[in-house]
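For reference, the chains in residue letters:
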2 protein chains.
Amino acid sequence: MLTSLRDHVLKFVKPSEKELQLLLDAVETEVISHKQYLIKEGQYCLHLYFIVQGCFRSYFIHTSGAEKVINFGIEDWWITDFDSLVHNRPSELHIQAAEDSIVLKISKQKLDLLLQESIIINQYFRMIHEKVRIADQRRIKFMYSLSGEELYHSFCEHNPKFVQRVPQYMLASYLGFTPEFLSKIRARKKK
Amino acid sequence: MLTSLRDHVLKFVKPSEKELQLLLDAVETEVISHKQYLIKEGQYCLHLYFIVQGCFRSYFIHTSGAEKVINFGIEDWWITDFDSLVHNRPSELHIQAAEDSIVLKISKQKLDLLLQESIIINQYFRMIHEKVRIADQRRIKFMYSLSGEELYHSFCEHNPKFVQRVPQYMLASYLGFTPEFLSKIRARKKK
DNA sequence: GCTAAAAATTAATCTAGTTCAAGAAATACA
DNA sequence: TGTATTTCTTGAACTAGATTAATTTTTAGC
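Below is a short write-up of the structure. Note that residues are indexed from 1 along each chain, following the sequence as it is written. To read the labels, note that chains go from A and ligands from 1, taken in the order they are written. Where local features are concerned, this predicted model is filtered to residues with pLDDT of at least 70; where side-chain atom pairs are given and counted, the filter is 80 or more; whole-chain, interface and lining totals use all residues. Working from all heavy atoms in the structure, the side-chain values ignore hydrogens and water.

### Some remarks on the protein's contact with DNA strand D
Let me state the cut-off plainly: Here, proximity means that at least one heavy atom of the residue falls within 4 Å of the molecule or strand. By the criterion applied in these results, polar contacts are pairs of N or O atoms within 3.5 Å in which, for protein atoms, one can donate a hydrogen and the other can accept it, and in which residues neighboring in sequence qualify only through two side-chain atoms. In DSSP terms, a helix is any run of H or I states spanning at least four residues, a strand is any run of E spanning at least two, and both are numbered starting from the N terminus.
Looking at DNA strand D, there are 16 residues lining it, with Gly148(A), Thr178(A), Glu180(A), Gln168(B) and Ser183(B) nearest. Backbone sugar and phosphate groups make up 70% of those atoms of DNA strand D lying within 4 Å of the protein. Residue Gln168(B) places a main-chain N or O atom 2.9 Å away from a phosphate oxygen belonging to DNA strand D. Between DNA strand D and Ser183(B), the relevant distance is 2.7 Å, taken from a phosphate oxygen to a side-chain nitrogen or oxygen of the residue. Those elements that provide at least two residues to the surface near DNA strand D are helix H9 (179-190) of chain A together with helix H8 (168-175) and helix H9 (179-190) of chain B. A total of 5 residues in the surface near DNA strand D trace back to one element, the largest contributor, which is H9(B).

Dropping the structure here:
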């Protein structure tokens, strides 16, 4: 279980064995079955989660009642509601398993202690944030550049394996349109 | 000039005088007049910029020829193209002054050295990244929740001073629609 | 293997926002 | 103070994608 986190850290920084162990000791394994929640709207988010196995989506409920998916997470991603975690406020998101999953979780308290002590762990999380910001910027660029149809094809091309793992209606929501429209796109393609 | 960066750092972390000075010594002041560029598409971005005074927009050129604004930056924001900076690849963005401006710039080289040495500076930038990620998440939530008209009114409400500082067509692009449509929204409101 | 629930499809109608084109206002700067 | 450039507005025709509702297909659990 822990080796996947160990390996991930080592892709970014070179901690001493001792320093690495500090992080691994701070973390707890949790099994989350399909459709269970890491966080629900209104709860105070108190943990940061590392996905060892499985898939999650974060979404919120629109005033219309529709679920709007704002992100997916799979193996080797950290996931949480930072707004809730950092500012100690009730979450506006649901984070739900889209498959049977396994996560490593670290509490805000323990993480804050590590971040006060360890330069390496700061570097690691700083680099993770950089990476996500770069990915988010690309995503925004795509959303501004492409039509719905183009977005879908581009997404399938860049994430061929992932597309199989979640239902179409979640993907449609993530890409910013309705499942009906996604059906239409797929129908067009076949001809 | 430097006091605005000093003050900003102190809002997040408590460095020693010496540590703070390391950052302030690494930084150079630059005056950028209206419509000048910090970065142009195709260039390798080599600096991180802290805005002391003024306003910038980052945008790219769509295949249609249209300029798509993906972000604004004002006083006390760090701005750069992280994708280019971190991965040493040509930038896909332009970052242009929308007003006569003053920035503090730090080279990637110097920054990397500081980040190897100083836990406090790592913490500072890690916290900046967290803050931006939270803001970006809110932005995505808004974009998924609101109609164009609602987006505009919400933006004006939350950033009343800023709205005055940039031309309408930039704001329209940032919000994801055309200047013509923004005109229509404004016309509706008057009645 | 059967049944209920979840997910995907289809088609008709509707609308928010685009496009194009032309003119009016505002701003910069000589 | 006048002229050129930039920005903003208006209107008519158009389209990508939404909505609604009914039907089919797939999946999961017993």
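### A word on empty space enclosed by the protein
All names here are of chain B. Stated formally: Definitions used throughout: a 1 Å grid over protein atoms alone; a cavity as a set of points that fits a 1.4 Å probe which cannot get out; a pocket as an open set with protein on both sides within 12 Å along at least five of seven lines; a lining residue as one with an atom within 4 Å of a point. Grid points are joined across faces, edges and corners, and a volume is the space filled by probe spheres set on the points. In this classification, Asp, Glu, Lys and Arg are treated as charged, Ala, Val, Leu, Ile, Met, Phe, Trp, Tyr, Cys and Pro as nonpolar, and every other residue, Gly included, as polar.
Inspection of every chain in the model, using the stated rule, returns 5 cavities of 30 Å³ or more. A volume near 120 Å³ is recorded for the largest cavity. If you tally residues by element for the lining of the largest cavity, the top one is helix H5 (residues 119-145), at 5 residues. Broken down by class, the residue content of the lining of the largest cavity amounts to 7 nonpolar, 2 polar and 3 charged.

### Overview of the relation of the copies chain B and chain A
Each copy of the chain is related to the other by a rotation around an axis and a translation along that axis. Filter applied, for reference: The copies are overlaid by a least-squares fit using only the C-alpha atoms of residues whose pLDDT is at least 70 in both copies. Residues are treated as being in contact if the distance between any of their heavy atoms lies within 4.5 Å.
Taken as rigid bodies, chain B and chain A are interconverted by a rotation of 180° and an axial shift of 0.0 Å, the fit giving an RMSD of 0.0 Å. The relationship between the two copies is best expressed as a two-fold rotation axis. Of the residues that chain B buries at the interface, 100% are likewise interface residues in chain A, meaning the two copies contact each other through the same surface.

### Observations regarding the packing of helix H4 (residues 108-117) of chain B against H5(B)
All names here are of chain B. We apply this condition: Simply put, an axis is a line fit to the C-alpha atoms, just over the touching stretch for a helix, and the angle between two N-to-C directions goes from 0 to 180 degrees. Roughly parallel means an angle under 35 degrees; roughly antiparallel, over 145; roughly perpendicular, 65 to 115; everything else is oblique. For a crossing to be left-handed, the near helix must be turned anticlockwise from the far one by less than a right angle; the clockwise case is right-handed.
At their nearest, the axes of H4 and H5 sit 6 Å apart, and the two run at 115° to each other. On the basis of the axis angle, H4 is roughly perpendicular to H5. Viewed along their axes, H4 and H5 form a crossing whose handedness is left-handed. Listed contacts from H5 to Leu 111, Leu 114, Leu 115 and Glu 117 of H4 are Ile 119, Ile 121, Asn 122 and Phe 125. Across the contact of H4 with H5, the residue classes break down as 6 nonpolar, 1 polar and 1 charged.

### Structural notes on the interface of chain B and chain A
Stated precisely, the cut-off is as follows: Two parts lose some accessible area (1.4 Å probe) when they are put together, and adding that loss for both gives the buried area. The salt bridge criterion pairs a side-chain nitrogen of Lys or Arg with a carboxyl oxygen of Asp or Glu, the two atoms within 4 Å.
Taken together, the 39 residues of chain B in the interface contact 39 residues of chain A. Summed over both partners, the interface of chain B with chain A buries about 3,800 Å², with 59% contributed by carbon and sulfur atoms. One can count 4 salt bridges joining chain B with chain A. The shortest N-O distance in the salt bridge between Glu92(A) and Lys141(B) comes to 2.6 Å. Linking chain B to chain A there are 16 residue pairs in polar contact (both at pLDDT 80 or more).

### Some words on the protein's contact with DNA strand C
In the vicinity of DNA strand C lie 17 residues, with Gln168(A), Tyr169(A), Ser183(A), Gly148(B) and Thr178(B) positioned nearest. The sugar and phosphate moieties of DNA strand C supply 72% of its atoms located within 4 Å of the protein. Residue Gln168(A) places a main-chain N or O atom 2.8 Å away from a phosphate oxygen belonging to DNA strand C. Counting only elements with at least two residues in the surface near DNA strand C, the list comes to helix H8 (168-175) and H9 of chain A together with H9 of chain B. When residues in the surface near DNA strand C are grouped by element, the largest group, 5 residues, is from H9(A). Across the surface near DNA strand C, the residue classes tally to 5 nonpolar, 6 polar and 6 charged.

### Quick look at the pattern of salt bridges
Note the cut-off: Residue burial is assigned from relative accessible area. The probe radius is 1.4 Å, only protein chains are included, and a residue is buried under 20% of its type maximum, exposed over 50%, and partly exposed in between.
For the coordinates displayed, the defined rule picks out 20 salt bridges over all chains. The salt bridge partner of Glu17(A) is Arg6(A), with a shortest N-O separation of 3.2 Å. Here Arg6(A) lies in helix H1 (residues 2-12) and Glu17(A) lies in helix H2 (residues 17-25), a separation of 11 residues in the sequence. Arg6(A) sits in the partly exposed class, given a relative accessible area of 23%. As a salt-bridge pair, Lys105(B) and Glu30(B) come within 3.0 Å of each other at their nearest N and O atoms. In this pair, Lys105(B) sits in strand S8 (residues 101-107) while Glu30(B) sits in strand S1 (residues 28-32), placing the two residues 75 residues apart along the sequence. Residue Glu30(B) is classed as partly exposed on the basis of its relative accessible area, which comes to 27%. Within this structure, Glu75(A), Glu99(A) and Arg165(A) form a network of salt bridges that share partners.

### Notes on the sheet that holds strand S4 (residues 55-61) of chain B
Within a sheet, each strand pairs with its neighbour through backbone hydrogen bonds, oriented either parallel or antiparallel. Residue and element names in this part refer to chain B. Cut-off, in case you're wondering: In this scheme, strands are said to pair when DSSP sees at least two bridges between them.
Spatially, 4 strands are ordered S2-S7-S4-S5 in an open sheet, and the strand pairing comes out antiparallel. A strand with exactly one partner marks an edge of an open sheet, and here the two such strands are strand S2 (37-39) and strand S5 (67-74). The mean inter-strand angle of the sheet, taken between neighbouring strand axes irrespective of direction, is 25°. Where S4 meets S5, 7 bridges bridge the pair, whose relative direction is antiparallel.

### Let's talk about the nonpolar core
For clarity, the cut-off: What makes a nonpolar core is a set of buried Ala, Val, Leu, Ile, Met, Phe, Trp, Tyr and Cys residues whose side-chain atoms join them at distances within 4.5 Å.
Leu5(A), Leu38(A), Phe56(A), Trp78(A), Ile106(A), Tyr124(A) and Phe125(A) are the most contacted members of the largest nonpolar core, which has 39 residues in total. The leading source of residues in this core is helix H5 (residues 119-145) of chain A, at 7 residues. Counting 38 residues, the second-largest nonpolar core is a separate cluster that includes Val52(B), Trp78(B), Tyr124(B) and Val132(B).

### Let's talk about the pairing of S4(B)
Residues and elements named next belong to chain B. Counting buried positions along S4 yields 6 of 7 residues, so the element is predominantly enclosed. Connecting S4 to the antiparallel partner S5 that follows it, the hairpin turn spans 5 residues, and Gly 65 within it adopts a positive phi of roughly 100°. For S4 and strand S7 (residues 94-97), the ladder comprises 4 bridges, and the chain directions are antiparallel. Among the inter-strand pairings, Arg 57 is bridged to a residue of S7, identified as Gln 96.

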